[in-house]
Amino acid sequence: MANSDLAAIRKKVRRLTGRPSENQLPTSDIDDYINTFYRWDLPAELKLLDLKKTYSFITEPDIDIYDFTPNDVNTIEPPVYVGGNIAAFTQNREYFFSANPEIQADYILTTGANVVGPYTATVNATPIKRNRVIVSTVDVSGASLTATDALTEGVLAGDVLAGATIDYDTGVIANLNFTGIIGSGTKIMVQYINYSPSRPSSVLFYDNKIQLSPVPDKAYRVMFDAYVNPTALAAATSEPELRQWWQLIALGAAMKIFEDNLDMENYGKVRMFYEEQLVLVDRKTTKELSLKRVETIYSSGVIGIGTYSTY
């Protein structure tokens, strides 16, 4: 059986580029070209079923927005499950917030007393969504003053001195010391969004963040389909996720070498063989997908604001 490991890929790259010696192209540089293509270019070029995995995370009670920063995941897509139940999924904020509106409530928190503070008062409805609170007023000169928790959860910052806080469960806003004197009787307003926690049924993926609605009331496992970036080939005996890919990887790495050297003639020659290998590599995925029935309105379920495949 022909070798398909990193050593074999290196050898083919040297033959394709006409750089047989270490002096012409160090092995470390070849490995960089190989892994750049293998880890980043190949998953973007082809959506291969062999790179389709499950991405999951565990929710926390009362937390509805989660950063999505895994380096090994290329894309995520439905179906999405929350605690084992299928959930609606979208990347369109209009759809998500049409179905799950965040209505901002306005409440007179307290009134000024001819001092900068400290002011302490309680919001009238709880719990409160995190990172959406705005406290606003005007000082005796008529200047508008605002403070929000947008940057740090539980901490109000802006036109206030350090130490202002908000408790999302009790609604207590404490230690408000503004940067200007608040006149006697001047309204100090708070804008906030309260909620009723329960099992999330809708999921928004936008700006590398995952937002759930309703806000989770406890821990749930959230699972997506995900296309991952393969693990780098490090040792000489390392093999790609699928052995069949080794020639495509070598051709892709060779093209990157020619690209960096502005050798477009040889780049074009290798490109012909590369495109042939693309077809061969993609054939397995195409064959597997062809065995699945065509999606129709009867073979997919629509829940809330998402369409979900039956597989």
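Residues numbered from 1 in each chain as written. Predicted model: local features only at pLDDT ≥ 70, side-chain atom pairs only at ≥ 80, totals over all residues. Heavy atoms only, no water.

1. Things to note about the overall build of the protein chain
Then step 1. If you tally the helices and strands in the protein chain, you get five helices and 17 strands.
Then step 2. Expected size for 311 residues packed as a compact globule is a radius of gyration near 19 Å; at 28 Å, the protein chain overshoots this value by more than 25%.
Then step 3. The principal-axis extent of the C-alpha atoms belonging to the protein chain is close to 85 × 55 × 30 Å.
Then step 4. For the protein chain, with 311 residues in total, the buried portion stands at 44%.
Then step 5. Long-range contacts, defined here as pairs at least 24 residues apart, represent 71% of the contacts in the protein chain between residues at least 6 apart.
Then step 6. A total accessible area of about 16100 Å² is found for the protein chain, and carbon and sulfur atoms account for 51% of it.
Then step 7. Across the protein chain, the 28 positively charged side chains and the 37 negatively charged ones have centroids separated by 8 Å. (Helix = DSSP H or I, 4+ residues; strand = E, 2+ residues; numbered from the N terminus. Rg over C-alpha atoms; globule rule 2.2 N^0.38 Å. Buried < 20%, exposed > 50% of the residue type's maximum accessible area, 1.4 Å probe, protein only. Contact = heavy atoms within 4.5 Å. Areas by Shrake-Rupley, 256 points an atom, 1.4 Å probe, with all protein chains shown as cover. Lys, Arg positive; Asp, Glu negative; His and termini not counted. Charge placed at Lys NZ, Arg CZ, Asp CG, Glu CD.)

2. Thoughts on the layout of surface pockets
Then step 1. Here the largest pocket defines a volume of roughly 230 Å³.
Then step 2. Looking at the largest pocket, the residues that line it are Ile-65, Arg-93, Phe-97, Glu-102, Arg-132, Leu-204, Tyr-206, Asp-207, Lys-209, Ile-210 and Gln-211.
Then step 3. At the level of secondary structure, the elements contributing two or more residues to the lining of the largest pocket comprise helix H3 (93-99), strand S13 (202-206) and strand S14 (209-213).
Then step 4. Classifying every residue of the lining of the largest pocket by side-chain character gives five nonpolar, one polar and five charged. (1 Å grid on protein atoms, 1.4 Å probe; cavity = no way out; pocket = protein on both sides within 12 Å on 5 of 7 lines; lining within 4 Å. Points joined across faces, edges and corners; volume = space filled by probe spheres on them. Nonpolar A, V, L, I, M, F, W, Y, C, P; charged D, E, K, R; others polar.)

3. Digging into the packing of aromatic side chains
Then step 1. Summed over the entire model, instances satisfying the criterion amount to ten aromatic pairs.
Then step 2. Between Phe-68 and Phe-205, the aromatic rings sit 5.0 Å apart at their centres with planes inclined by 80°, giving edge-to-face as the arrangement. Of this pair, Phe-68 sits in the loop between strand S2 (65-67) and strand S3 (73-82) while Phe-205 sits in strand S13; the two residues are 137 residues apart in sequence, bridging distant segments of the chain.
Then step 3. On the basis of relative accessible area, Phe-205 is assigned to the buried category, the value being 13%.
Then step 4. Grouping aromatic residues by their ring pairs yields a cluster made of Tyr-55, Phe-57, Tyr-66, Phe-68, Phe-89, Phe-205 and Phe-224. (Phe/Tyr/Trp six-rings, centres within 6.5 Å; stacked < 30°, edge-to-face > 60°.)

4. Here we look at empty space enclosed by the protein
Then step 1. Evaluated as defined, the whole model comprises one cavity of 30 Å³ or more.
Then step 2. As a volume, the largest cavity reaches approximately 30 Å³.
Then step 3. Lining the largest cavity, in full, are Pro-43, Leu-46, Lys-47, Leu-48, Leu-51, Asn-74, Tyr-227 and Val-228.
Then step 4. Across the lining of the largest cavity, the residue classes tally to six nonpolar, one polar and one charged.

5. Details of the confidence of the model for the protein chain
Then step 1. Looking at the protein chain as a whole, the pLDDT averages 89, with 91% of positions reaching at least 70.
Then step 2. Contacts from residues 294-311, a stretch scored under 50 in pLDDT, to residues over four places away or in other chains number 40 contacts. (pLDDT = per-residue confidence, 0-100.)

6. What about the side chain of Lys-256?
Then step 1. In this structure, Lys-256 sits in helix H4 (residues 246-260).
Then step 2. Within the structure, the side chain of Lys-256 is placed 2.8 Å from the side chain of Asp-41, a separation counted as a polar contact.
Then step 3. Those residues in contact with Lys-256 that lie beyond four places of it in its chain are Tyr-33, Thr-36, Phe-37 and Asp-41. (Polar contact = N/O pair within 3.5 Å; in protein donor to acceptor, adjacent residues only side chain to side chain.)

7. Notes on H4
Then step 1. Taking 1.5 Å per residue, 15 residues should reach 21 Å; H4 reaches 21 Å between its end C-alpha atoms and fits that length.
Then step 2. Burial analysis of H4 places twelve of its 15 residues in the buried class, the great majority of the element.
Then step 3. Among the residues of H4, those classed as buried are Trp-246, Leu-248, Ile-249, Ala-250, Leu-251, Gly-252, Ala-253, Ala-254, Met-255, Lys-256, Ile-257 and Phe-258.
Then step 4. Count one or two residues on from H4 and you reach Leu-262, which has phi positive near 55°. (Expected span 1.5 Å × (residues − 1).)

8. Brief notes about the environment of Thr-75
Then step 1. Structurally, the position occupied by Thr-75 is in strand S3.
Then step 2. Among the residues examined, Thr-75 registers a relative accessible area of 26% and is labelled partly exposed.
Then step 3. In this structure, the C-alpha to C-alpha distance between Thr-75 and Ser-201, residues 126 residues apart in sequence, is 21 Å.
Then step 4. Not counting chain neighbours up to four residues away, the residues in contact with Thr-75 comprise Lys-47, Asp-225, Ala-226 and Tyr-227.

9. Re the nonpolar core
The nonpolar side chains of a soluble globular protein tend to be buried with one another.
Then step 1. Ranked by size, the top nonpolar core spans 32 residues in total, and within it Ile-9, Val-13, Ile-34, Leu-42 and Trp-245 carry the most contacts.
Then step 2. Looking at this core, the elements that each hand over two or more residues are helix H1 (6-17), helix H2 (27-45), H4 and helix H5 (264-290).
Then step 3. Considering each element in turn, this core owes the most residues, ten residues, to H4.
Then step 4. If we ignore the near neighbours within four places in the chain, the residues touching Ile-34 are Leu-6, Ile-9, Arg-10, Val-13, Leu-233, Ile-249 and Ala-253. (Core = buried A, V, L, I, M, F, W, Y, C linked by side-chain atoms within 4.5 Å.)

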